[in-house]
Amino acid sequence: MQIQQNFRKEQWKMLFITMFCYLFFYTGRHNFGWAAKGMSVELGISYQQIGWISFSMLMGYAIGQLINGNLADRLSPKIMILTGGSLSIICNLFISYANTYGVILVLWTLNGYFQSMAWGSGSKLISNWWDSNERGKAFGFYTMAAGSSSVLTFFMALLLLQQEQSWRTLFRYPILFLLFALILFLIIARSHPALKGFILQSDHVLDQNTQKLGWKESYKEVFRNKNFITASCAIGFQSMARYGLIFWVPIHFLGKNYKESTGNLWLTLFIPIGMAVGAISFGYISDLLFNKNRSKSIRTGMLCSCVIALLIYFIPTPHHVLAAVLMFASGFFVYGPQANFWTLSPDLLGKKLVGTGIGVMNMFAYVFAAIGEPIFGKIIDYTGNTSNIFLVVSAICASCAIIISFVKPQSSINKNE
């Protein structure tokens, strides 16, 4: 009984320290959109070039997910997170002193790769500590930390911009919080219960399966799983919709004059707040309301996102209170289902391939997101109306809902737990 209580305590501790660490990771990634305008003016970089910098970071992140997810299955998830976070901090600092487009492009691409070392590794750590019965809840908390990271980054950026700070400070001050989180993670986190003296019944089976699979076999097993690849395509559209809101909605509220739009800009903060609340909510929704049927939970959330985006499109200039509610709801339903996507990796592939599976899935997510960036920009350039962002987001969410409907739940996959 005492051993169970001790394990439960350590289980929550590992979840919370991983959440706390990832809570500050976006300070080294989502800060770019807020720095883009000042960077463009000071360095004479066109918005097309800004777009390519953003595209390159997302592609660096996608490629990194494909590689680092598999490494998380073989190396220490803790070391992976610490290494990626430290190198990301260095990239951000170097960018804050950069003066040319080429240097920023290369550094931001590398930053995308380094940032990719954290998510799959954290997912592997959490899967090592939490079994399938509570994994939806655990990943809901973890995904909430990612959504909350956007809130913190948005808030810090808005504060710095209101104080008329240089765009360079956006790459210096926020990442100090990431440095502090990494130090605590180094002290507290453990990659596996065995490192704290706990022996799980599934360890022996898991070790045998892991030893038999080389890296090529791991990838082959993941890509042979049609259910999982279909789910990965679905998260691609979900991620495209998410970044459509995160990156382009501030531009929609910004208008032609930043100083005249300060009040409206604060409305954008409700999007990541909704995302954070949605993440933790959908962790429980899939477990309790949909009986661990992740596909049904995701489909419901994305259909709600589709409807809300249409409401925002047809109500272009609502009252601030209504606008805040709609922004919150859009973030809640477009990002909340992502918590259910990550549990599909252990659900469909088994615990032995969590890192590889999440890496592949996140690669799909960020390749789609990268492709979506120039599409959003092109539509805005062509129509001259930023409200069309929401029309496109609605169509993307509907596509995600349709695709995820083809993913069948496989409760029997947990044979490797």
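Counting of residues starts from 1 at the beginning of each chain's written sequence and follows it residue by residue. Per-residue local features are limited, in this predicted model, to residues with pLDDT of at least 70; the limit for side-chain atom pairs, both in listing and counting, is 80 or more; totals at the level of whole chains, interfaces and linings are taken over all residues. Only hydrogens and water are set aside when side-chain values are computed; all heavy atoms of the structure are taken into account.

Peer 1: So what exactly am I meant to see when it comes to the overall build of the chain here?
Peer 2: The helix and strand tally for the chain stands at 17 helices and 0 strands. Only protein chains enter the calculation, and the probe is 1.4 Å; a residue is then buried if its accessible area is under 20% of its type maximum, exposed if over 50%, and partly exposed in between. Buried residues in the chain amount to 59% of all 417 residues. Two residues qualify as a contact provided that any one of their heavy atoms is within 4.5 Å of a heavy atom in the partner residue. Across the chain, every contact between residues at least 6 apart in sequence was considered, and the portion connecting residues at least 24 apart equals 85%. Accessible surface, the chain as shown: approximately 17,000 Å² in total, 67% of it carbon and sulfur. The secondary structure listing takes helices from DSSP runs of H or I that are at least 4 residues long and strands from runs of E that are at least 2 residues long, numbered from the N terminus. Note that accessible areas follow from Shrake-Rupley with a 1.4 Å probe, and for residues the cover is restricted to the protein chains shown.

Peer 1: Looking at this model, I keep getting lost on the pattern of salt bridges. Mind explaining?
Peer 2: Close approach of charged atoms lets side chains of opposite charge pair. Salt bridge, as used here: a side-chain nitrogen of Lys or Arg that lies within 4 Å of a carboxyl oxygen of Asp or Glu. Inspection of the entire model under this criterion finds 3 salt bridges. Residues K196 and E10 are paired through a salt bridge, measuring 3.5 Å at the closest nitrogen-oxygen approach. Of this pair, K196 sits in the loop between α7 (175-188) and α8 (203-212) while E10 sits in helix α1 (residues 2-22), and the two are 186 residues apart along the sequence.

Peer 1: Looking at this structure, how should I read the packing of helix α13 (residues 294-314) against helix α15 (residues 338-349)?
Peer 2: Packed helix pairs are characterised by how far apart their axes lie and by the angle those axes make with each other. Helix axes use the C-alpha atoms of the stretch in contact, all axes being lines fitted to C-alpha atoms, and the angles between their N-to-C directions lie in the range 0 to 180 degrees. α15 packs onto α13 with a crossing angle of 160° between their chain directions and a minimal axis gap of 10 Å. Between α13 and α15, the crossing angle belongs to the class labelled roughly antiparallel. In the crossing of α13 with α15, the sense of the turn from one axis to the other is left-handed. The segment α13 lies against α15, with R294, S297 and I298 engaging N340, F341, T343, L344 and D347. Roughly parallel here means an angle under 35 degrees, roughly antiparallel means over 145, roughly perpendicular means 65 to 115, and every remaining angle is called oblique. Should the near helix be turned anticlockwise from the far one by less than a right angle, the crossing is left-handed, and should it be turned clockwise, the crossing is right-handed.

Peer 1: How do you make sense of helix α2 (residues 32-43) when you look at a structure like this?
Peer 2: An α-helical segment advances 3.6 residues per turn. Residues three or four places apart therefore align on the same side. Of all the positions in α2, only F32, W34, A35, A36, M39 and S40 are classed as buried. Within two residues after α2, G44 carries a phi angle of roughly 70°, on the positive side.

Peer 1: For this particular structure, what's the right way to read the nonpolar core?
Peer 2: The nonpolar side chains of a soluble globular protein tend to be buried with one another. The criterion is simple. A nonpolar core is a set of buried Ala, Val, Leu, Ile, Met, Phe, Trp, Tyr and Cys residues joined through side-chain atoms within 4.5 Å. Judged by nonpolar contacts, the single largest core of 118 residues is most densely connected at Y22 and F341. Every residue in contact with F341, bar those within four places of it in the chain, is listed here: A231, A234, I235, Q238, I298, M361, C400 and I404.

Peer 1: Hey, could you run me through empty space enclosed by the protein in this one?
Peer 2: Empty pockets left among the atoms are what a rolling probe the size of a water molecule brings to light. Grid spacing is 1 Å over the protein atoms alone, the probe is 1.4 Å, and a cavity is where that probe fits but cannot get out, while a pocket is an open set with protein on both sides within 12 Å along at least five of seven lines and lining residues have an atom within 4 Å of a point. Grid points are joined across faces, edges and corners, and a volume is the space filled by probe spheres set on the points. Applying the stated rule across the entire model yields 3 cavities of 30 Å³ or more. A volume near 70 Å³ is recorded for the largest cavity. Taken together, 13 residues form the lining of the largest cavity, with R242, Q338, W342, N362 and Y366 sitting closest to its centre. Put simply, the parts of the chain that give the lining of the largest cavity at least two residues each are α10 (226-254), α15 and α16 (354-383). Counting residues per element, the lining of the largest cavity draws most heavily on α16, which supplies 3 residues.

Peer 1: I would appreciate a short explanation of the packing of aromatic side chains in the present structure.
Peer 2: Aromatic ring pairs are defined here through the distance separating the ring centres and the angle between the ring planes. Aromatic pairing here means that ring centres of Phe, Tyr or Trp (its six-membered ring) are within 6.5 Å. Orientation follows from the plane angle: under 30 degrees is stacked, over 60 is edge-to-face, and everything else is tilted. Going through the model one piece at a time under the given rule, you end up with 27 aromatic pairs. With a centroid separation of 6.1 Å and 75° between ring planes, the pair formed by Y113 and F114 is classed as edge-to-face. Since its relative accessible area comes to 16%, F114 is described here as buried. With a centroid separation of 4.8 Å and an interplanar angle of 75°, the aromatic rings of F332 and F333 are classed as edge-to-face. Residue F332 is classed as buried on the basis of its relative accessible area, which comes to 14%.

Peer 1: Please explain α16 as it appears in this structure.
Peer 2: Helix span, as expected, comes to 1.5 Å for every residue beyond the first. A rise of 1.5 Å per residue sets the reference length of α16, with its 30 residues, at 44 Å; its end C-alpha atoms lie 43 Å apart and thus fit the reference within 8%. The buried count for α16 comes to 21 of 30 residues, which makes it a mostly enclosed element. Downstream of α16 by a residue or two, G384 has a phi angle that is positive, lying close to 70°.

Peer 1: Looking at this structure, I do not really get the confidence of the model for the chain. What am I missing?
Peer 2: As a general rule, the predicted coordinates of low-pLDDT regions are not to be interpreted in detail. Chain-level pLDDT for the chain is 83 on average; 89% of the residues reach the 70-or-more range. Ignoring residues within four places in sequence, the model shows residues 204-210, a span with pLDDT below 50, making 7 contacts including any to other chains. Every residue is assigned a pLDDT by the predictor, reflecting its confidence on a scale from 0 to 100.

Peer 1: Help me understand the environment of C400, please; the structure alone is not making it clear to me.
Peer 2: By the secondary structure assignment, C400 is in helix α17 (residues 388-404). Residues C400 and A231, 169 residues apart in the sequence, show an inter-C-alpha distance of 9.1 Å. Sequence-distant contacts of C400, that is, excluding residues within four places in its chain, are made with A234, F237, Q238, M302 and F341.

Peer 1: Just to check I follow, could you spell out the environment of L160 for this structure?
Peer 2: Secondary-structure assignment places L160 in helix α6 (residues 135-162). When its relative accessible area of 11% is taken as the criterion, L160 is described as buried. As a C-alpha pair, L160 and W34 span 126 residues in sequence and 9.8 Å in three-dimensional space. The contact partners of L160, leaving out residues within four places of it in the chain, are Q165, T169, L170, Y173 and P174.

Peer 1: Hey, could you run me through the state of the cysteines in this one?
Peer 2: Defined simply, a disulfide is a covalent bond joining two cysteines at their sulfur atoms. Criterion for a disulfide: a pair of cysteine sulfur atoms within 2.5 Å. Taken as a whole and assessed by the stated rule, the structure comprises 0 disulfides. Not part of a disulfide, C306 finds its nearest cysteine sulfur in C397, a span of 6.6 Å. With a relative accessible area of 14%, C306 lands in the buried category. Here C400 is not disulfide-linked; the sulfur of C397 is the nearest cysteine sulfur, at 7.2 Å. Since its relative accessible area comes to 0%, C400 is described here as buried.

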